[in-house]
Amino acid sequence: VCVLQNSECTSCATSTLHAVCFRDGTLVSCFLIGTNATEIEETISKCSRESNYTELEINLQVPNTNFVLAMDLPESITLIEVAGEVENSSLQLTANRPHVSITKVKVINAVILLTEHTRDMFDIFPNVERIVCEGCTFSMLPSLIALSSLNSIEYSGTTQCDQGNLVHMDDLFVRGLEEITQIKWSGACVGSVSETAFRDLVNLEMLDLSNNQISDLPDDVFLTLYEVVTIDLFDNNISNISTSAFQQLHSIETISLTDNPLMCSCDNSWLYLQ
């Protein structure tokens, strides 16, 4: 395990971890593989004393356990990526202090078990601008409403959905985030959406809720999305949509309702192009 700094290789980890942390002779990014949270945190701390790297990638090899990563990161880091490579491993992120420098967070292949008391797990990154989740499973949606700098959320899930694991998209998810322009929460087993879930997202341009199990859209769910251009509801379980659902969308260009069991009824007659 080594860090290349000024063309010299110096040890910064134990034999159970691997770190590759260099670019042009200067420590810029750190890649760690390990099964022990304490050792990973000690390695991060030791590498931090040797150089101010800006990128941190952690690959968790943790089977069937709840992995708590209580990170104390250097202020130089702007990007953190955490990947769970072992099936059925769950992840919690905690910190002793906010990581104000981090602007991008990426979580891959992790089971994230949230409660009403831990939904704010991303609050440890108060200045984050982009959150990316790939192949993750959330027991309930995180609360992101305190992240005032958040510009983009991207979630692509692969979970098989049934009535037992559907989640509700409520007001604590993204409501009131004035800087956000893109929300992609696809394949996330969302079964229902609060009428005010997207209230005051005045700069939102793209909303992708495809590949979920949404069966009903409240009448005013898109009421204040004045700048939204695209709404993707592909492959949900929607059978009826109120005539008022899209009335306030002054900038809309594309609405996708493909692969929904829309009923051929008078209530849905307004959907047909004249």
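The structure displayed is predicted, hence computed values, not measured ones.

(A) Here's a closer look at the overall build of the protein chain. A count of helical and extended segments in the protein chain gives 1 helix and 19 strands. Residues counted as buried form 44% of the 274 residues belonging to the protein chain. Once local pairs closer than 6 in sequence are excluded, the contacts in the protein chain between residues at least 24 apart make up 59%. Accessible surface computed for the protein chain: about 12800 Å², of which carbon and sulfur atoms make up 46%.

(B) Summary view of the pattern of salt bridges. Under the defined criterion, the tally for this structure stands at 5 salt bridges. Across the salt bridge formed by Arg 119 and Glu 116, the nearest N and O atoms sit 3.9 Å from each other. By relative accessible area, Glu 116 is classed as exposed at 55%. Between Asp 171 and Arg 175 there is a salt bridge, with the nearest N and O atoms lying 3.1 Å from each other. A single network of salt bridges, built from pairs that share partners, joins Glu 116, Arg 119 and Asp 170.

(C) Inspection of the nonpolar core at higher detail. Within the largest apolar cluster, 67 residues are counted, with the highest numbers of intra-cluster contacts made by Phe 122, Leu 144, Met 169, Trp 185, Phe 198 and Phe 222. At 3 residues, the largest contribution of residues to this core is made by strand 5 (residues 55–60). Once you skip the residues sitting within four places of it in the chain, Leu 144 turns out to touch Phe 122, Ile 131, Leu 150, Ile 153, Leu 172, Phe 173, Val 174 and Leu 177.

(D) Expanded view of the packing of aromatic side chains. Enumeration according to the criterion identifies 6 aromatic pairs in this entry. Here Phe 138 and Trp 185 contribute two aromatic rings whose centre-to-centre distance is 5.7 Å and whose plane-to-plane angle is 45°, an arrangement assigned as tilted. One end of the pair, Phe 138, is in strand 12 (residues 137–138); the other, Trp 185, is in strand 15 (residues 182–186), with 47 residues separating them in the sequence. The residues Phe 138 and Trp 185 share a single accessibility class, namely buried. Here a set of aromatic residues connected by ring pairs shows up, and it is made of Phe 138, Tyr 155, Phe 173 and Trp 185.

(E) Representation of the side chain of Glu 81. Positionally, Glu 81 belongs in strand 7 (residues 79–84). At 4.4 Å, Lys 106 is the nearest oppositely charged side chain to Glu 81, a buried residue that forms no salt bridge. Discounting residues that sit within four places of it in the chain, Glu 81 has contacts with Leu 56, Glu 57, Ile 58, Lys 106 and Ile 108.

(F) View of the environment of Gln 248. Along the chain, the position of Gln 248 falls in the loop between strand 18 (230–232) and strand 19 (254–256). On the basis of relative accessible area, Gln 248 is assigned to the partly exposed category, the value being 31%. Taking C-alpha positions, Gln 248 is 7.1 Å from Thr 224, a pair spaced 24 residues apart along the chain. Ignoring anything within four residues of it in the chain, the contact list for Gln 248 reads Leu 223 and Tyr 226.

(G) The side chain of Asp 208, seen in detail. Positionally, Asp 208 belongs in strand 17 (residues 206–208). Of the side chains with opposite charge, Lys 184 lies nearest to the buried Asp 208, which makes no salt bridge, at 4.7 Å. Here Ser 210 takes part through its side chain, which lies 2.7 Å from a polar atom of the side chain of Asp 208. Setting aside its immediate chain neighbours within four residues, Asp 208 contacts Ile 183, Lys 184, Trp 185, Ser 186 and Asp 232.

(H) Up close: the confidence of the model for the protein chain. Residue-level pLDDT values for the protein chain average 80, and 77% of them are 70 or greater. Element-level mean pLDDT values for the protein chain span from 39 in strand 1 (residues 3–5) up to 98 in strand 17.

(I) Quick peek at the environment of Ile 124. Along the chain, Ile 124 falls in the loop between strand 10 (111–112) and strand 11 (130–134). Taking the C-alpha atoms as reference points, Ile 124 and Thr 94, 30 residues apart in sequence, are found 7.1 Å from one another.

(J) Representation of the environment of Tyr 53. Looking at the element boundaries, Tyr 53 is found in the loop between helix 1 (37–50) and strand 5. Taking the C-alpha atoms as reference points, Tyr 53 and Thr 78, 25 residues apart in sequence, are found 8.9 Å from one another.

Calculation criteria
- Residues numbered from 1 in each chain as written.
- Predicted model: local features only at pLDDT ≥ 70, side-chain atom pairs only at ≥ 80, totals over all residues.
- Heavy atoms only, no water.
- Helix = DSSP H or I, 4+ residues; strand = E, 2+ residues; numbered from the N terminus.
- Buried < 20%, exposed > 50% of the residue type's maximum accessible area, 1.4 Å probe, protein only.
- Contact = heavy atoms within 4.5 Å.
- Areas by Shrake-Rupley, 256 points an atom, 1.4 Å probe, with all protein chains shown as cover.
- Salt bridge = Lys/Arg side-chain N within 4 Å of Asp/Glu carboxyl O.
- Core = buried A, V, L, I, M, F, W, Y, C linked by side-chain atoms within 4.5 Å.
- Phe/Tyr/Trp six-rings, centres within 6.5 Å; stacked < 30°, edge-to-face > 60°.
- Lys, Arg positive; Asp, Glu negative; His and termini not counted.
- Polar contact = N/O pair within 3.5 Å; in protein donor to acceptor, adjacent residues only side chain to side chain.
- pLDDT = per-residue confidence, 0-100.

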